[in-house]
Amino acid sequence: MQIRETSITGLVEIFPRVFEDERGMFFESYNEQVFLKLGLPTHFVQDNQSFSKKGVVRGLHFQNAPFAQGKLVRVISGRVLDVAVDIRPDSPTFGKHEIFELRSDINNIAYIPEGFAHGFVALEDSIFSYKCTNVYDKASESGILWSDPDLGIDWGVEHPIVSEKDIILPTFKSLFGDLKIKA
């Protein structure tokens, strides 16, 4: 596996070694020993999978402590723009975001640590999979409005399909008040 560090500490893109031949292909999407060696979390307690039609935006979601989640995310089929926003108030990159294009044809993976809001937009019909370091807890769930102008995220889609729940999420400023985006 190869790791691409981002400008935000702890947020990485992973490129697994893919073996292809006339029968198809094989790769490891997770290997505890390799993740330990790379300094990545190895304890995942929940796996989730979703299907999204082209143009669907999901997010920006997170869970508050003590149920904050790190997520190992990838696309099984299709292609998405995956977005992670640093919401750790003491972080030098607080409020900064990174975008990954996760694609099933190259099998890249992103690790989103605890303390990040996360979302994605399906650039084509896509099956999205993620492993979580903590269980889902309804009372701890929260989020940020996907189109928050203070974050300035370019989702790359003209007519997004957004759930009623995500349309009414609060803005970054309403959640974090006077804390300034450090990006």
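What counts, and at which threshold
Residues numbered from 1 in each chain as written. Predicted model: local features only at pLDDT ≥ 70, side-chain atom pairs only at ≥ 80, totals over all residues. Heavy atoms only, no water. Helix = DSSP H or I, 4+ residues; strand = E, 2+ residues; numbered from the N terminus. Core = buried A, V, L, I, M, F, W, Y, C linked by side-chain atoms within 4.5 Å. Buried < 20%, exposed > 50% of the residue type's maximum accessible area, 1.4 Å probe, protein only. Contact = heavy atoms within 4.5 Å. Pairing = 2+ DSSP bridges. Axes fitted to C-alpha atoms, helices over the stretch in contact; angles between N-to-C directions. Phe/Tyr/Trp six-rings, centres within 6.5 Å; stacked < 30°, edge-to-face > 60°. Salt bridge = Lys/Arg side-chain N within 4 Å of Asp/Glu carboxyl O.

Undergrad: Teacher, can you tell me more about unusual backbone geometry here?
TA: Comment: phi is negative for the bulk of residues other than glycine, and the bulk of peptide bonds are trans. Here the bond from Gly 59 into Leu 60 is cis, since omega is 10°, no more than 30 degrees from zero. Examined against the element boundaries, Leu 60 turns out to sit in strand β6 (residues 56-63). Cis geometry marks the peptide bond from Ala 65 to Pro 66; its omega dihedral reads 5°. As for its placement among the helices and strands, Pro 66 is situated in the loop between β6 and β7 (71-77). With a phi angle near 60°, Asn 107 is a residue other than glycine that sits in the positive phi range. Relative to the helices and strands, Asn 107 resides in the loop between β9 (97-103) and β10 (109-112).

Undergrad: Please explain the nonpolar core as it appears in this structure.
TA: With 20 residues, the main nonpolar core has Leu 60, Val 85, Ile 87, Ile 144 and Trp 155 as its most contacted residues. Setting aside residues no more than four positions away along its own chain, Ile 144 makes contact with Gly 59, Leu 60, Phe 62, Ile 87, Ala 117, Leu 151, Leu 169, Pro 170, Thr 171, Phe 172, Leu 175 and Phe 176. Within the second largest apolar cluster, 13 residues are counted, among which are Val 80, Ile 112, Phe 116 and Phe 128.

Undergrad: I would appreciate a short explanation of the sheet that holds strand β2 (residues 12-15) in the present structure.
TA: In a beta sheet, neighbouring strands are held together by backbone hydrogen bonds and run either parallel or antiparallel to one another. Taken in spatial order, the six strands make up an open sheet running β1-β2-β10-β7-β12-β5, and their pairing is antiparallel. Each of the sheet's edge strands pairs with one partner strand only, and the pair in question is β1 (2-5) and β5 (46-52). Direction aside, the axes of adjacent strands within the sheet are offset by 25° on average. Bridge analysis of β7 against strand β12 (residues 126-132) gives six bridges, and the strand direction is antiparallel. Bridging across to β12, Val 75 finds its partner in Phe 128.

Undergrad: What is the right way to read the packing of aromatic side chains from this model?
TA: Each aromatic ring pair is specified by the distance between its two centres and by the angle formed by the two planes. Applying the stated criterion across every chain, the model contains eight aromatic pairs. Ring centres 4.0 Å apart and planes at 20° place the aromatic pair Phe 120 and Phe 128 in the stacked group. Each of the two residues, Phe 120 as well as Phe 128, counts as buried. Judged by centre distance (6.0 Å) and plane angle (70°), the rings of Trp 146 and Trp 155 are edge-to-face. Each member of the pair, Trp 146 as well as Trp 155, carries the same accessibility label: buried. In this structure an aromatic cluster arises from ring pairing among Tyr 30, Phe 35 and Phe 44.

Undergrad: What exactly am I supposed to notice about the pattern of salt bridges here?
TA: Oppositely charged side chains can pair when the atoms bearing their charge come close. In this structure the tally under the stated criterion is 10 salt bridges. With a shortest N-O distance of 2.9 Å, Asp 86 and Arg 88 are connected by a salt bridge. Residue classification places Asp 86 among the buried positions, given a relative accessible area of 0%. Look at Arg 88 and you get partly exposed, because its relative accessible area is 25%. Each of Arg 79, Glu 101 and Glu 124 takes part in a single network of salt bridges with overlapping partners.

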